[in-house]
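Next come the chains, spelled out residue by residue.
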Amino acid sequence: MSSSNPDIAGMQSADEEVKNIMSSKVSSRTCNRMSYFVESSNDLQSAVSITRPSSKKHFHEELALQMVVSTNMVRENVFKYAWFFFELLVKSMAQYIHNVDKQEVPRRSRFSNRFKDDISTIVNVVTSEIGALLNKQQKEVEQAEKMNISLAFFLYDLLSLMDRGFVFNLIKHYCNQLTAKLNSFPTLSSMRLEFLRILCSHEHYLNLNLFFVTSS
């Protein structure tokens, strides 16, 4: 159960839900505590209304929120294994788009504003942490480089799932944050180039930059 969202039902209803899940047949399972999978897309909307109360978050929303509010050792582990949590976020987002049949929905309407705010916070915090690792007495350059690459691939994947204007703003904030620290940490220059190299390898890179081409 969520420790951060007061709207989610209490433990009594959770126990009842767990009992219902455990008593159902595995082969016919249509939902679990945080996320759901529906075999038949024809009855998708009715199944969602039955199996997912409106007070519950989708898995990608709850995961993003927990990454934002994490502290102490949990937060350190989130940074250390950022690649894993980024992959989990992306795959959950892709499954969500498929399950609720949002492939044809405009990108700006696919995800909630609260989720977008959490993604922005995650990117800003991870970017700050990259600089913080280089500022320690025993500079953790390798860890900073791993986090930088993980963040680049995360935004690379978001270009295929979210509003691209939103993702480009995240890239802009990343570049601005690192540029402000370049004089103090020259290593950040090569890290920023590696970050941009990964993004430029996106399959739609040319299409996304056609508006920069001059009339000539």
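Rules used in this analysis
Residues numbered from 1 in each chain as written. Predicted model: local features only at pLDDT ≥ 70, side-chain atom pairs only at ≥ 80, totals over all residues. Heavy atoms only, no water. Salt bridge = Lys/Arg side-chain N within 4 Å of Asp/Glu carboxyl O. Helix = DSSP H or I, 4+ residues; strand = E, 2+ residues; numbered from the N terminus. Buried < 20%, exposed > 50% of the residue type's maximum accessible area, 1.4 Å probe, protein only. Polar contact = N/O pair within 3.5 Å; in protein donor to acceptor, adjacent residues only side chain to side chain. Contact = heavy atoms within 4.5 Å. Core = buried A, V, L, I, M, F, W, Y, C linked by side-chain atoms within 4.5 Å. Phe/Tyr/Trp six-rings, centres within 6.5 Å; stacked < 30°, edge-to-face > 60°.

Caption draft 1: Just the pattern of salt bridges, in detail. All told, the structure shown has three salt bridges when counted by the stated rule. When the shortest N-O distance is used, the salt bridge between E142 and K146 registers 3.6 Å. Linking E142 with K146, this pair stays in helix α7 (residues 141-158), spanning four residues, or about one helical turn.

Caption draft 2: Spatial organisation of the side chain of E61. Looking at the secondary structure, you find E61 in helix α3 (residues 59-69). With relative accessibility at 15%, the residue E61 sits in the buried group. For E61, the side chain forms a polar contact with the side chain of S112, separated by 3.4 Å. Look past the residues within four positions of E61 in its chain and what remains in contact with it is S112, F115 and D118.

Caption draft 3: A look at the environment of R114. Structurally, the position occupied by R114 is in helix α6 (residues 113-134). Expressed as a C-alpha distance, the spacing of R114 and E61, which sit 53 residues apart in the sequence, is 8.4 Å.

Caption draft 4: Molecular detail of the environment of V68. Among the structural elements, V68 can be located in helix α3. Separated by 49 residues in sequence, V68 and D117 have C-alpha atoms that sit 10.0 Å apart.

Caption draft 5: Layout of the nonpolar core. In terms of nonpolar packing, the biggest core is built from 47 residues, with L89, I119, F154, L155, L158 and M162 touching the most fellow members. Broken down by secondary-structure element, the contributors of at least two residues to this core are α3, α4 (72-80), α5 (82-99), α6, α7, α8 (164-179) and α9 (187-200).

Caption draft 6: Inspection of the packing of aromatic side chains at higher detail. Overall, the coordinates contain seven aromatic pairs when judged by the stated rule. Summarising the aromatic geometry, the rings of F84 and F85 are spaced 5.3 Å apart at their centres and angled 80° between planes, so their arrangement reads as edge-to-face. Consider the rings of Y96 and F111, whose centres lie 5.8 Å apart with planes at 35°: the pair is tilted. Placement of Y96 in helix α5 and of F111 in the loop between α5 and α6 is noted, with a sequence separation of 15 residues between them. Taking the relative accessible area as the measure of exposure, Y96 reaches 12% and is therefore buried. Through a chain of ring-to-ring contacts, the aromatic side chains of W83, F84 and F85 assemble into a single cluster.

Any link to function would need more than the numbers given here.
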